[in-house]
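# Coordinates in review
These are the residues of each chain, in order.
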Amino acid sequence: MAFLLCQKASVESFRTQKTSLVILNDINSRQTIKTTANQCVAIQLPENREFIQGIEIKVSVPKIVAQWTDSVAWSLYTGLREFPSEKKVDYNANRATVGTFGSSLSLNIRIPVISSHKIRKDAYSHLVDVDALNNSSFILLRLQKAMKGAPQEISTSQFELTISCIAENKGRLKLKLTYPETKKEGSFTLFIDEKQTDFNDKGFILSAGSHDINLVSDFFRNELRTIIVEKGTETTLEINLRDIKPLVRLTAPAGTKLTFDGKEYTAPLDPFYSSEGEHTIKFTLGDYEQIQKINFLNGRTYNLSVSLEASVSESEE
């Protein structure tokens, strides 16, 4: 075993009893398989590795293997000369690293795929050198007996492997803007977390967590949103841009006559845009009449309402 651990990474030709194939289609892929010593597991990495900083192989070690310390070795290979398959038993590849399970019942093997990874090593894991993957599309994990005189049961005991991607603590935010019918175009300034940012149809790479999105414009109303960006995913924020003109909502009992700057309407009336400056609104219902003069400002909404209240009292007379 000491010989194995001291060897430098090199091209090796070897034979295995069986190959199990694991395909990781995307960042959320996770597969659990069982295998034994003297077998291999070929792991195909996702084609799209955006937000993936590494691969994790969680190994559950059989009790008898842990009892016979260092009885089974594991090796990682890259640069496969041939496409792996479940029927393939002969391989020629670059051995990137090698180790044993010691006396532990579990081991997490973490393999970075980017140099800027934030994957940490702990007492229960083995962190592979970042250069080990070497842009390979496949990782080959090989298990083999490494101790003479160990019981035959070690060869048939099953290891359980759970293989998944390690996501970066980042995600993508895409903004989907809808323009109002009254204004099909107009410029705006975008701020993300109070930092001015150029708008990008492809989206923005942000750290996972809460972010403030602010749109400021002379043509549309200012919009402020708070959005949660999930780790390793794409989040879409839809914003309906609104005309900066004053928006007027008139509320009155059905049948009420409304006069806005001399133009007559009948309630109910849909909200409408007006213009800056002073405006006169008159409500008429039967003999009841009310007149309001209001100075409208851009970017504001004005809710004007009139209601009739009935007063009821009771006496003995």
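Source: prediction; values computed, not measured. (Residues numbered from 1 in each chain as written. Predicted model: local features only at pLDDT ≥ 70, side-chain atom pairs only at ≥ 80, totals over all residues. Heavy atoms only, no water.)

### A look at the packing of aromatic side chains
Counted under the stated rule, the structure contains 10 aromatic pairs. For the pair Phe-83 and Phe-138, a centre-to-centre distance of 4.9 Å together with 80° between the ring planes defines the contact as edge-to-face. Of this pair, Phe-83 sits in the loop between strand 6 (72–78) and strand 7 (90–100) while Phe-138 sits in strand 10 (residues 138–145); the two residues are 55 residues apart in sequence, bridging distant segments of the chain. When the ring of Tyr-265 is compared with that of Phe-272, the centres are 6.5 Å apart and the planes differ by 20°; the resulting orientation is stacked. Residue Tyr-265 is classed as partly exposed on the basis of its relative accessible area of 27%. The structure contains a cluster of three or more aromatic residues connected by ring pairs, namely Phe-260, Tyr-265, Phe-272, Phe-296 and Tyr-302. The cationic tip of Lys-88 hangs over the ring face of Tyr-91; the distance from NZ or CZ to the ring centre is 5.5 Å. (Phe/Tyr/Trp six-rings, centres within 6.5 Å; stacked < 30°, edge-to-face > 60°. Helix = DSSP H or I, 4+ residues; strand = E, 2+ residues; numbered from the N terminus. Buried < 20%, exposed > 50% of the residue type's maximum accessible area, 1.4 Å probe, protein only. Lys NZ or Arg CZ within 6 Å of the ring centre and 35° of its normal.)

### Here we look at the environment of Gly-99
Inspection of the secondary structure assignment puts Gly-99 in strand 7. Take Gly-99: its relative accessible area is 8%, and that puts it in the buried class. Remark: the alpha-carbon pair of Gly-99 and His-126, spanning 27 residues in sequence, is separated by 8.9 Å.

### Concerning the sheet that holds strand 17 (residues 223–229)
Strand order in the open sheet formed by four strands is 14-13-16-17, and the pairing between neighbours is antiparallel. Edge positions in the open sheet fall to strand 14 (195–197) and strand 17, since each of these has one partner strand only. In this sheet, neighbouring strand axes are inclined to one another by 30° on average, regardless of whether the strands run parallel or antiparallel. Relative to strand 14, strand 13 (residues 189–192) runs antiparallel, the two being bridged by three bridges. From the neighbouring strand, Phe-191 faces strand 14, where its bridge partner is Gln-196. (Pairing = 2+ DSSP bridges. Axes fitted to C-alpha atoms, helices over the stretch in contact; angles between N-to-C directions.)

### Examining the pattern of salt bridges
Scanning the entire structure with this criterion turns up 12 salt bridges. Two residues, Glu-223 and Arg-242, come together in a salt bridge whose shortest N-O distance is 3.0 Å. One end of the pair, Glu-223, is in strand 17; the other, Arg-242, is in the loop between strand 18 (234–240) and strand 19 (247–251), with 19 residues separating them in the sequence. Taking the relative accessible area as the measure of exposure, Arg-242 reaches 38% and is therefore partly exposed. Taken together, the shared-partner salt bridges in this structure form one network comprising Glu-56, Lys-58, Arg-110 and Asp-122. (Salt bridge = Lys/Arg side-chain N within 4 Å of Asp/Glu carboxyl O.)

### Considerations on the confidence of the model for the protein
Residues with a pLDDT of 70 or more make up 92% of the protein, whose mean pLDDT is 87. In this model, residues 1–8 is a region of pLDDT below 50 whose contacts with residues beyond four sequence positions or in other chains number 12 contacts. (pLDDT = per-residue confidence, 0-100. Contact = heavy atoms within 4.5 Å.)

### Remarks on unusual backbone geometry
The phi dihedral of Asp-193 falls on the positive side, at around 55°, and the residue is not glycine. Examined against the element boundaries, Asp-193 turns out to sit in the loop between strand 13 and strand 14. Look at Asp-193 and you get partly exposed, because its relative accessible area is 35%. Within the chain, Asp-261 stands out as a residue other than glycine whose phi angle is a positive 50°. Following the sequence through the fold, Asp-261 ends up in the loop between strand 20 (257–260) and strand 21 (263–266).

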